[in-house]
Amino acid sequence: MIRRLDCQSFLLVLSLGGGLLSTAADGADTPAADRKPAEAVDFARDVLPILKARCIECHGAEEPESGLHLLSKAALLRGGDSGEPAVIVGKSSESYLLKVVSGDEPDVRMPPEGALLTKDEIARLKRWIDQGLAMPGFDGDNGRPTTDHWSFQPVKRPRIPVSEDGVIRLPIDAFILRKLTENGLQPSPRAERRTLIRRLFLVMHGLPPSPEQIDAFVADDSVAAWPRLVDEVLDSPRYGERWAQHWLDLIRFGETHGFETNRERPNAWHFRDWVIDALNSDKPYDDFIREQIAGDALGEPIATGYLVAGPHDLVKSPDINLTLMQRQDELSDLINTTGTAFLGLTLGCARCHNHKFDPVTQTDFYSIQAVFAGVQHNDRPLPLTPDQKQRLTEVEMSIARLKQQLAPFIPPAGTPGSRREAVRVEQNVDRFPPIKARFVRFTIEATNTGSQPCIDELEVFTGERNVALASLGAKATASSTLPGYDIHKLEHINDGRYGNARSWISNEAGKGWVQIELPRIFEIDRVEWARDRELKYRDRLATKYRVEIAVEPDQWQLVASSEDRLPFGDTKTEFPAYHFELVESELAEQGRRWLAQLEAAQKERERLAETQKVYAGTFTQPGPTHRLYRGEPTAKREEVSPDALAVISSLGLDGNAPEQQRRLKFAEWVASADNPLTARVIVNRLWQFHFGTGIVATPSDFGKNGVPPTHPELLDWLASELVGSGWSLKHIHRLILLSQTWQQDSYPNEKSRRVDGATSLLWRFPPRRLEAEAIRDCILSVTAQLNLQMSGPGFSGFEVEMENVRHFHPRSTYGPEEFRRMIYMTKVRQERESVFGLFDCPDASQVVAARSRSTTPLQALNLLNSGFVMQQSNDFAKRLKHDVGTEVANQVRLAFRLTFGREPSPLELEDSMTFIGQTGLPEFCRALLNSNEFLFIQ
């Protein structure tokens, strides 16, 4: 074994840590001035004989070529498990290969036993590397990974099977029947109609149908009854609430940060609502992908909540090495989630070395890290909607009109005892008694951020006329102007246009002056100015200033200043001190009415302009990204550019590509119809949540370590249908729901169970227990306590102790606010809701592609004896009495219809009435809520 290893390791040091070749400039390692011309190396003459000689030693003279099949530049370029470069072209002294074969690395000496290469052989290898690693006839595929694994092959629409009986079936049924026939199995008959409608509502809504809905469907024997019911279910908002939970599990969405402090994220709920709305509106799945990765570039800012859905450690270490590792862990979590959720690949396995099973290199991993390197956990302000902007404009106009009407009631600046409102970003007016002026200077002495002050427009009025406009001949000068920005120029100070994009910025931190020379002497009465009338920017606001006028240069006279304003940020009053006592009573009363209207308009403006935030991340331009040796943050190797998986295709981006462009290009790559993984993965997930198990039983691992598909042609047919339908998920749902496969009875038969005990071939509909959320929602539904309020901040399933480290205690009381659907319960990491969390409810610390289905004593005890279920049992009993009165038989019948969707049998009716007589109606209701028939999809 050692002798054979010698040959392989010499030809392909990858098993020790070979990796991608790093290309350097041609030439030796010594300075050019000292370098002697080296004899050109001929691969066939100088290198190949060394390799053949080693092969003869290993394999014998009869088959010297048997080891050479391992030798190719492509194999060297791809590298081995560690991802470490074996050769740096043009730099032999830095090449790992030379260190190994020369004996410089005792732990990885090659060969491990026996004589090393001779000095002449090593010298030839050095020259070969320094001269460019020419390998005629052994170039291979230039290092791009290749694979024949099924999931990396293009999706091809297969032909729909034709059964021997000649019956035309729906495509799904045709593929399923062929596999059943091959295994000597037959599909089960169609389920009874009451079973079908209950199954449909539980799978698609996570709620039971009402007795009225069941009766209507059972009574409708038309061919269109089932398709019509399917469409109604898909059109309901309950669909998005149900299926959003599957997606949120998959991307480990939580509303706390996790780790030791586990602080809340009060603005994370927007993303949960976005997912629900996206599914309800049947947003094309390719858009669903793009917007979650780069929604800030696509007009969907909330969608990037996906990028920061995972845990985030708020506690940073003073040790830079630990802080760097925290950041690497965070980015690795995002990369792994992206790989599993969208591509069905375990990309995280390539963080420290090349993937052991799949064609994913360590360089691929860090290239994808470069895509996401600019993502930071944080809240981000949401832009106003068009309707909000329109209303805000209307309110602003109303405020301006009211202020103008109230202007006569404002005493001049400097009037003893008067205090004006604090400076505002969007509008400031400094009034003074009419005075003649030719020059007006605005001097800034402090700003709210300490940075260079900015003014978008300085206006000087005589009556209603702005005489400071450059178009009228006024000239602007300034103490300084920030250089290098076309949007911030002195000429913008009096061009009549508002907003940050046409503004002046001083080049002095916290100070500066700007001056307007009017075309002639005017009698002026006020100056108006703002930081940004469009309210997009709130920094650089002048908070301490003075306004001076002059008729002759340098003969300045102070007319207004910030001295009589409230301090910046003071909210004691939003209005100047209006004085109504010096005017006639009728006019004073009118003034007071205007002031009341102004106060109301001001409050509405604040409400409209209030920046709503969403926990959707912030983005900064990242620095260089390097491949890290063994994943160690301090062990940087070569720099990598933002890219995708080389085995599929490249993004073609440079290392300095803009941050947003990186995510946008990557999103387009993932969502491309040419990506062989994306469509396959999502249709498999839909199949999984319909039948309990996917066509690929490892839904987040389509690689070699995953389970092969049971029906590969069906998987590709569904994937091609998805793309062909415009990526409509509801289209795939409809195909599945209309199939006979989905409508089969769930009753087992012994013959089929012996052949396919796991029901992977789908000879029946596989029954399964409901998930935690659906159990809770179904209980609330049948007890008539379910609150169907959608959207908005969620409710807490805990009593929270608001210490620095949050403590979450079980809730002791429940009311209408807690009776919303469980998807609206604030998702707390590392904690499970005391009653339903035990039903395999994930804690959002890790991705969950498929929930486990355990059966434990604690589940039974909680569902039977918890305060929540006891309360709901009492509410259920109250509902029965309210709806059908005190007749026990009628109570039992309604209870069965609500919980099981059917009438009780005569024996069930008799036993139930006896039980109620012995224990009471609430105990009977509690028994029904704990029954398997209520808790299972069948």
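A quick note: this is a predicted structure, and the numbers were derived from the prediction, not measured. (Residues numbered from 1 in each chain as written. Predicted model: local features only at pLDDT ≥ 70, side-chain atom pairs only at ≥ 80, totals over all residues. Heavy atoms only, no water.)

Please clarify how empty space enclosed by the protein should be interpreted in this entry.
Counted by the stated rule, this structure contains 7 cavities of 30 Å³ or more. Size it by volume and the largest cavity reaches roughly 260 Å³. Top element by residues in the lining of the largest cavity is helix 10 (residues 237-250). It accounts for 3 residues. Here the residues of the lining of the largest cavity are counted per class, giving 11 nonpolar, 4 polar and 9 charged. Considering only enclosed or pocket space, the second largest cavity measures out at about 160 Å³ in volume. Every residue lining the second largest cavity is counted, 14 residues in all, and those nearest its centre are Trp243, His246, Trp247, Ile682 and Leu686. Breaking the lining of the second largest cavity down by element, the ones donating at least two residues are helix 10, helix 12 (285-294), helix 18 (678-691) and helix 20 (729-737). With 5 residues, the top contributor of residues to the lining of the second largest cavity is helix 10. (1 Å grid on protein atoms, 1.4 Å probe; cavity = no way out; pocket = protein on both sides within 12 Å on 5 of 7 lines; lining within 4 Å. Points joined across faces, edges and corners; volume = space filled by probe spheres on them. Helix = DSSP H or I, 4+ residues; strand = E, 2+ residues; numbered from the N terminus. Nonpolar A, V, L, I, M, F, W, Y, C, P; charged D, E, K, R; others polar.)

In this structure, what is going on with the pattern of salt bridges? I would like to understand it.
Side chains that differ in sign of charge can pair as their charged atoms come close. Under the defined criterion, the tally for this structure stands at 55 salt bridges. Two residues, arginine 238 and glutamate 241, come together in a salt bridge whose shortest N-O distance is 2.8 Å. Here arginine 238 pairs with glutamate 241, and both are found in helix 10, just 3 residues apart, close to one helical turn. Since its relative accessible area comes to 14%, arginine 238 is described here as buried. We classify glutamate 241 as buried; its relative accessible area is 3%. Residue arginine 897 pairs with glutamate 903 through a salt bridge whose shortest N-O separation is 3.9 Å. Ionic contacts of the salt-bridge type, sharing partners, join the residues Arg194, Asp215, Arg897 and Glu903 into one network. (Salt bridge = Lys/Arg side-chain N within 4 Å of Asp/Glu carboxyl O. Buried < 20%, exposed > 50% of the residue type's maximum accessible area, 1.4 Å probe, protein only.)

Would you mind showing me how to read the pairing of strand 13 (residues 557-561) here?
One face of the sheet, then the other: side chains in a regular strand alternate in exactly this way. Taken together, the 4 bridges between strand 12 (residues 542-550) and strand 13 define a ladder with antiparallel strand orientation. Among the inter-strand pairings, isoleucine 549 is bridged to a residue of strand 13, identified as glutamine 557. (Pairing = 2+ DSSP bridges.)

What exactly am I supposed to notice about the environment of threonine 698 here?
The topology assignment puts threonine 698 in the loop between helix 18 and helix 19 (712-724). Along the backbone, threonine 698 and proline 709 are 11 residues apart, and their C-alpha atoms lie at a distance of 9.1 Å. Aside from chain neighbours lying at most four places away, what touches threonine 698 is Gly706 and Val707. Within polar-contact distance, the side chain of threonine 698 engages the backbone oxygen of aspartate 701 at 2.9 Å. (Contact = heavy atoms within 4.5 Å. Polar contact = N/O pair within 3.5 Å; in protein donor to acceptor, adjacent residues only side chain to side chain.)

Honestly, unusual backbone geometry in this entry has me stumped. Any pointers?
With the exception of glycine, most residues fall at negative phi, and the peptide bonds are largely trans. Phi at threonine 759 is positive, roughly 60°, even though this residue is not glycine. By secondary structure assignment, the location of threonine 759 is in the loop between helix 21 (750-755) and strand 18 (768-769). Given a relative accessible area of 5%, threonine 759 falls into the buried group.

So what exactly am I meant to see when it comes to the packing of helix 26 (residues 906-919) against helix 27 (residues 921-929) here?
In a pair of packed helices, the angle between the axes and the distance between the axes together describe the arrangement. With their axes 7 Å apart at the nearest point, helix 26 and helix 27 run at an angle of 130° to one another. Of the possible angle classes, the one that applies to helix 26 and helix 27 is oblique. For the pair helix 26 and helix 27, contact is made by Ser912, Phe915, Ile916 and Thr919 and by Leu921, Glu923 and Phe924, respectively. Within the contact of helix 26 with helix 27, the residues separate by chemical class into 4 nonpolar, 2 polar and 1 charged. (Axes fitted to C-alpha atoms, helices over the stretch in contact; angles between N-to-C directions. Parallel < 35°, antiparallel > 145°, perpendicular 65-115°, else oblique.)

For this particular structure, what's the right way to read helix 6 (residues 171-182)?
An α-helical segment advances 3.6 residues per turn. Residues three or four places apart therefore align on the same side. In this model, helix 6 (12 residues) spans 17 Å end to end at C-alpha, consistent with the 16 Å of a helix rising 1.5 Å per residue. When helix 6 is considered as a whole, its buried residues turn out to be Pro171, Ile172, Asp173, Ala174, Phe175, Ile176, Leu177 and Leu180. Glycine 184 sits one or two positions beyond helix 6 and adopts a positive phi of about 70°. (Expected span 1.5 Å × (residues − 1).)

Please explain the environment of arginine 198 as it appears in this structure.
Considering the arrangement of structural elements, one finds arginine 198 in helix 7 (residues 193-205). For the pair formed by arginine 198 and isoleucine 214, sequence separation is 16 residues and the distance between their alpha carbons is 7.8 Å. In contact with arginine 198, not counting residues within four places along its chain, are Pro209, Thr899, Phe900, Gly901, Glu933, Phe934 and Phe936.

Any chance you could explain the confidence of the model for the protein chain here in plain terms?
Caution applies to low-pLDDT regions: their predicted coordinates should not be interpreted in detail. On average, the protein chain scores 87 in pLDDT, and the residues at 70 or more come to 88%. Every residue in residues 1-35 is under pLDDT 50, and counting partners more than four places away or in other chains gives 99 contacts. Across residues 58-70, where pLDDT falls below 50, the model places 24 contacts with residues more than four positions away in sequence or in other chains. (pLDDT = per-residue confidence, 0-100.)

How should the packing of aromatic side chains be read in this particular structure?
One pair of aromatic rings is described through two measures. These are the centre distance and the angle between the planes. Scanning the model with the defined rule gives 28 aromatic pairs in all. Ring centres of phenylalanine 666 and tryptophan 669 lie 5.6 Å apart, and the angle between their planes is 25°; this geometry places the pair in the stacked category. One end of the pair is phenylalanine 666 and the other is tryptophan 669, both in helix 17 (residues 659-670) and 3 residues apart, which spans about a single turn. Among the aromatic residues, those joined into a ring-pair cluster are Trp247, Phe253, Phe271, Trp274, Tyr285, Phe288, Tyr306, Phe342 and Trp727. Sitting above the plane of the phenylalanine 765 ring, arginine 199 keeps its charged end 3.9 Å from the centroid. (Phe/Tyr/Trp six-rings, centres within 6.5 Å; stacked < 30°, edge-to-face > 60°. Lys NZ or Arg CZ within 6 Å of the ring centre and 35° of its normal.)

When you look at the side chain of arginine 806 in this model, what are you seeing that I'm missing?
Here arginine 806 shows up in the loop between strand 19 (798-801) and strand 20 (807-810). Within the structure, arginine 806 has its side chain in polar contact with the side chain of glutamate 264 (distance 2.7 Å). Setting aside residues up to four positions removed in sequence, arginine 806 forms contacts with Thr261, Asn262, Arg263, Glu264, Val800 and Glu801.

In this structure, what is going on with the pairing of strand 19? I would like to understand it.
As paired elements, strand 19 and strand 20 share 4 bridges and run antiparallel to each other. Considered in strand 20, the bridge of phenylalanine 798 is made with proline 810.

Would you explain the packing of helix 7 against helix 9 (residues 225-235) in this entry?
For the pair helix 7 and helix 9, the least separation of the axes is 10 Å and the interaxial angle reads 20°. When the axis of helix 7 is compared with that of helix 9, the two are roughly parallel. Like other packed secondary-structure pairs, helix 7 and helix 9 cross with a definite hand, here right-handed. Between helix 7 and helix 9, the contacting residues are Arg193, Leu196, Ile197, Leu200, Phe201, Met204 and His205 on the first element and Ala225, Trp226, Leu229, Val230, Val233 and Leu234 on the second. Grouping the constituent residues of the contact of helix 7 with helix 9 by class yields 11 nonpolar, 1 polar and 1 charged. (Left-handed = near helix turned anticlockwise from the far one by under 90°.)

What is the right way to read a nonpolar patch on the surface from this model?
A grouping of Leu838, Leu858 and Leu861 is seen on the molecular surface, where their side chains present a nonpolar patch of about 260 Å² in accessible area. Along the chain, leucine 861 turns up in helix 23 (residues 857-865). (Patch = residues over 30% accessible without salt bridge, like charges linked within 9 Å, V, L, I, M, F, W, Y side chains within 5 Å. Areas by Shrake-Rupley, 256 points an atom, 1.4 Å probe, with all protein chains shown as cover.)

Just checking my understanding: could you explain the side chain of glutamate 459 for this structure?
Mapped onto the fold, glutamate 459 is located in strand 7 (residues 457-462). A polar contact of 3.2 Å, which involves the side chain of glutamate 459, links it to the side chain of arginine 533. Leave out the neighbours within four places in its chain, and glutamate 459 touches Asn466, Ala468, Tyr498, Arg526, Val527, Glu528 and Arg533.

Quick question: what am I supposed to make of the nonpolar core here?
Considering soluble globular proteins, one finds that nonpolar side chains tend to be buried as a cluster. With 152 residues, the main nonpolar core has Phe372, Phe666, Trp687 and Trp742 as its most contacted residues. If one sorts the elements of this core by residue count, helix 18 sits on top with 8 residues. The contacts of tryptophan 687, once residues within four sequence positions are left out, are Ile172, Ile176, Gly692, Thr693, Gly694, Ile695, Leu714, Leu718, Ile736 and Leu762. The next biggest cluster of nonpolar side chains, apart from the first, holds 46 residues, and it includes Ile455, Val467, Leu598 and Ala601. (Core = buried A, V, L, I, M, F, W, Y, C linked by side-chain atoms within 4.5 Å.)

Got a minute to help me understand the environment of asparagine 507 in this structure?
Tracing the backbone through its elements, the reader meets asparagine 507 in the loop between strand 10 (504-505) and strand 11 (512-530). In this structure the C-alpha to C-alpha distance between asparagine 507 and serine 479, which are 28 residues apart in sequence, comes to 8.3 Å. With sequence-adjacent residues up to four places away left out, asparagine 507 is seen in contact with Gln452, Ser480, Thr481, Leu482 and Pro483.

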